[in-house]
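Here is how the chains run, residue by residue.
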Amino acid sequence: MQDTVQVGRDAREDLVVELTSSSGSTTEIQLHSTVATFFGARIQQVVRQTLEQLGLEGVQVVVRDQGALDWVIQARVEAAAHLLRPQQTAQRAVLPPMLEGADRPVARDRMRRSRLYLPGDQPDLMINAALFEPDAVILDLEDAVAPPQKFAARYLVRNALRAVDFGPAERMVRINQLPRGLADLPDLVSQPLHTILLPKAERGGDVAAVAQRIRELVTNSPREIFIMPILESALGIENALAIASAEPEVVALAFGAEDFTRDIGAVRTDEGRESFVARSRLVLAARAAGVQPIDTVYSDVGNEAGLLAATREAIALGFDGKGCIHPRQIRTIHQAFRPSERDVAYALKVQRAMAQAEVRGDGVIAIGSKMIDPPVVARAQRVLKLAEFYHMDLSPEVGR
Amino acid sequence: MSAKLVNNAVGRPVPVEVNGREQHPFAGVGQFRPTGHKAGPPIPTNADHSNDKRVAGGLKQALIQCGVRDGMTLGIHHHFRNGDLLVLPLFDTLAEMEIKDLVFAPSALFPCHEPLIRHLESGVIHHIEGSMNGPIGRFCSQGRMKGTGILRSHGGRFQAIQDGELHIDIGIIPAPCADPTGNANGVQGPSACGPLGFGLADSLYADHVILVTDHVVPFPCIPWEIQGQNVDHVVEVERVGDPDKIVSGTTQVTRSPTRLLIAEYVAQFIEEAGYLGAPFQAGAGGIALAFIQFLAARMRARGVKAPFARGGSTEHLVRMLDEGLIGAILDGQSFDLAGVASLRDNPRHVATSPLTSYNYHSKGNFASQVGVAVVGATEVDLQFRANVVTHSDGLLLHGIGGWQNTLFADCSILAFPLFRSRIPIVVKEVMTVCAPSEMIDVVVTERGIAINPRREDLLDRVKGSSLPIVTIEELYHRARRICGEPEAPVRQMDRPVAVIKWVDSTVIDTVFQVGD
């Protein structure tokens, strides 16, 4: 057992909590805060209540705060308490009130064009994420969090799921690589969470282990937690179909280019020839298993034209989405997925031809003298669904 | 200091006397009627002045020749911003000369001026009339300044000097380029900093004028924004200022995605409210600078041009001028070196005096010919009154700058994040009223845009827009839901430490001592 533990970050909208065991039974709080004038009493109260609910007394607390919200303070204090007295506090948790609507379900085949990565130890980025309207947010416990911060990040992510307004975005958490990732699950699965991202998935068994663990932990909830394995190694790609079809909870397969290129001994390039085959195989496996193929992130944040081109290329390969590491990438990705006016006009023509075929009752769909095959009809329907999503003009004149 | 206070037209208690001088309480926009005649400097004669005004003994000798003594008022401009190299040696010299109780009236102060505190503590400086920010603002807010501070806008400083309310005994004008007679400009020489407009009033109205330069050229120094006929002494120094430090935190375009989103909302609002192609003004501050690039993209897409833009000039404004998106830059100060170069080289980029751009006691100024002005604020309240000088903890944090003056644009937009590190910006009642309700038209935040109900025309124009238009009350509640309810800071309401002037010399609010 340590005598002193420290948790948190010296950063805006965050805080550092230092807990020290003392001999007495009283709790002493020393508070330094940039917002002490406004929230000094409130911060004291939140720290004290959190420690009380965890059953901790006889500690000295030093707080250095830079405007952290209540749920952040609670998460930092709780993480510090678990580190200081693991046995004593193991069975206890201090959960912030759950925001209304946070536990609203999402459909398994929903739009996943954009998913915004949010480092699991940076509350300031979480608070504003919904403003940029991503299809999904990913609270990241894996690569975005340095190893010494990982333990505390789990509590921050748990509290964020309850207290932060992510709007209509799908709420995803990227857990750590297995086996460590299994230990992330107990604190998360009872929270308003839609999807677990499993990094470096290499075998169907990896997915099964996560699905199995979730089922053990969640015994009485009707809500399903989806799984999105990330393939970022040669072995993962070789086993793509087995991974995609391992469990019914899998809704998508994502590609991770950075680790993949390193794994095969290549260098990542703008053209991406080194990962072309792998990405195509991922698309094939995902489609074969009936789940969504999702492409890797585009890492040159300042290059909007490059992102647009890369997203269009991903769409051309058959991907349904792309990762974002910066909020300003979201709009560009959504723009790339928007069907062209020409595609929409053609889709409307196909739809009209279908309607005419139905009226005639002969089942032969044709535009002029050209016969339309069923896959073209299916594609037209996909385009129209997407166009509707983008509020595009679908009035009959458009197709004429 | 206990003072007699009266309630003014915005319901704020203001002292009737400040530093021994009678004050007019704010009476409403356009309600105060000035009387009398403008002030003027003493009449000089050529008999006393040679064509070579260089002083051998440096600044100290020049001060002695000006007859510097206790209680005098010294003025200086702030065009070097955080790269000023003159103010600290000036007061070190005055301290060494054992001069005390001076009134210091700079057009603005910056973080580099923090060491002035020792001269405030020792009594060399009695009080500051200008801007007080950072540690100096804290010093004043804690009631440690001998006299009462007076904060004025850029236009208000000119009005006060011209009206004789702020009499400058010695005006000190740092200039990047000058001739021995005292003609000077800010665009040539190794320390070129842009316009010198904020020093014009000092040159015209001070009893004594000392021009300080590090680059003397033979007569005539052209262009001559400052004219030798107004100058008593020319002092040569090794370096007059560091132009690389003109660019400060408030003059850099933001990279924060949230602030960029706000800037995009501002540009979209300008277009949808019908102001695309109208003259516009950008203030300092990340968002106010960032909206320019989004505005430029919209103007380009629609093929629209604006007749002029009002600087603070930056590389972004200069690019719009070069591209033909704006017809001219009417510049008050340069915020970066691209602005300095453009002012020197482009005849459509013009230095303006705050006398023509901002002075409210004049026969019109061009601030009211601007279509849309985008500025920041530290707080705005449910009545659309805004604060730019104190934080909500009561500490003086910023000067007013041109902020009050720019609000005379047809559409004034305040743009800021709804909260900063847990502190809500939309509040029930601002700590310090720097502008009354009728001066603020729109508040743009990342979580919604509120339009002053007085501007029904604007509300109509953006009806049906995709912009997140909400009420100011809704913004207030959104901030509260995230941040919680802040406690009210403690202020000593019988101890004024500074007053805020409206553009017409009246006192719009008081800054009180903070703490117990």
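Residues numbered from 1 in each chain as written. Chains lettered and ligands numbered in written order. Predicted model: local features only at pLDDT ≥ 70, side-chain atom pairs only at ≥ 80, totals over all residues. Heavy atoms only, no water.

Chemist: Help me out: how do you make sense of the interface of chain A and chain B in this one?
Modeler: By a widespread convention, an interface's size corresponds to the accessible area lost as its parts come together. On the side of chain B, 22 residues touch chain A, which itself brings 24 residues to the contact. For the pairing of chain A and chain B, the buried interface totals around 2,000 Å² over both sides, and the portion due to carbon and sulfur atoms is 57%. Area buried by chain A at its contact with chain B is led by Phe 38, Phe 39 and Arg 328 of chain A, which between them contribute 34% of it. At the junction of chain A with chain B, the criterion picks out three salt bridges. Note that Glu 264 of chain B and Arg 328 of chain A form a salt bridge whose closest N and O atoms lie 3.3 Å from each other. Linking chain A with chain B are 11 residue pairs in polar contact (both at pLDDT 80 or more). Elements with a contribution of two residues or more to the side of chain A that touches chain B: helix H1 (36-53) and helix H2 (70-84) of chain A. (Contact = heavy atoms within 4.5 Å. Buried area = accessible area lost by both parts, 1.4 Å probe. Salt bridge = Lys/Arg side-chain N within 4 Å of Asp/Glu carboxyl O. Polar contact = N/O pair within 3.5 Å; in protein donor to acceptor, adjacent residues only side chain to side chain. Helix = DSSP H or I, 4+ residues; strand = E, 2+ residues; numbered from the N terminus.)

Chemist: What is the right way to read the sheet that holds strand S3 (residues 28-33) of chain A from this model?
Modeler: Adjacent strands of a sheet form backbone hydrogen bonds with each other and so pair up, either parallel or antiparallel. Residue and element names in this part refer to chain A. What the four strands build is an open sheet, ordered S1-S2-S4-S3; its pairing is mixed. This sheet does not close on itself; its edge strands, each paired only once, are strand S1 (4-8) and S3. Geometrically, the sheet is characterised by an average inter-axis angle of 10° between neighbouring strands, direction not taken into account. Sheet analysis places strand S2 (residues 15-21) next to strand S4 (residues 59-65), joined by seven bridges and oriented antiparallel. (Pairing = 2+ DSSP bridges. Axes fitted to C-alpha atoms, helices over the stretch in contact; angles between N-to-C directions.)

Chemist: Help me understand the nonpolar core in this model?
Modeler: The nonpolar side chains of a soluble globular protein tend to be buried with one another. Membership of the largest hydrophobic core comes to 256 residues, with the highest contact counts inside it found for Phe 91, Phe 280 and Trp 403 of chain B. Residues within four places of Phe 280 of chain B in sequence aside, it is in contact with Phe 291, Ile 292, Leu 295, Ala 306, Phe 308, Ala 309, Arg 310, Leu 317, Met 320, Ile 326, Val 370 and Val 372 of chain B. Counting 14 residues, the second-largest nonpolar core is a separate cluster that includes Tyr 117, Ala 136, Leu 197 and Val 251 of chain A. (Core = buried A, V, L, I, M, F, W, Y, C linked by side-chain atoms within 4.5 Å. Buried < 20%, exposed > 50% of the residue type's maximum accessible area, 1.4 Å probe, protein only.)

Chemist: How should I be thinking about the packing of aromatic side chains in this particular structure?
Modeler: Note on aromatic pairs: each is described by the distance of the centres and the angle between the planes. Residue and element names in this part refer to chain B. This structure, assessed with the given rule, holds 10 aromatic pairs over all chains. Centroid distance Phe 219 to Trp 224: 6.3 Å. Interplanar angle 40°. Geometry classified as tilted. Among the aromatic residues, those joined into a ring-pair cluster are Phe 26, Tyr 360, Phe 408 and Trp 502. Directly above the aromatic system of Tyr 358 lies the positively charged group of Arg 310, at a separation of 4.6 Å from the ring centroid. (Phe/Tyr/Trp six-rings, centres within 6.5 Å; stacked < 30°, edge-to-face > 60°. Lys NZ or Arg CZ within 6 Å of the ring centre and 35° of its normal.)

Chemist: Explain the pairing of S4 of chain A here, please?
Modeler: Taken residue by residue, a regular strand's side chains alternate between the two faces of the sheet. Residue and element names in this part refer to chain A. Across the seven residues that make up S4, a large majority, five, are buried. Relative to S4, S3 runs parallel, the two being bridged by six bridges. Residue pairing across strands places His 32 opposite Arg 64, the latter belonging to S4. Viewed along the sheet, the connection from S3 through H1 into S4 turns out left-handed. (Right-handed = clockwise from strand over helix to strand, strands pointing away.)

Chemist: What is the right way to read helix H12 (residues 304-317) of chain A from this model?
Modeler: Think of an α-helix as 3.6 residues a turn; residues three or four steps apart then line up on the same face. All names here are of chain A. The first and last C-alpha atoms of H12 sit 20 Å apart over 14 residues, in line with the 20 Å expected at 1.5 Å per residue. Residues Gly 306, Leu 307, Leu 308, Ala 310, Thr 311 and Ala 314 constitute the buried set of H12. Residues of H12 that are buried sit in contact with helix H11 (273-289), strand S11 (292-297), strand S12 (321-324) and helix H13 (329-337). Gly 318 occupies a position one or two residues after H12 and carries a positive phi of about 110°. (Expected span 1.5 Å × (residues − 1).)

Just distances and angles here, no functional claims.
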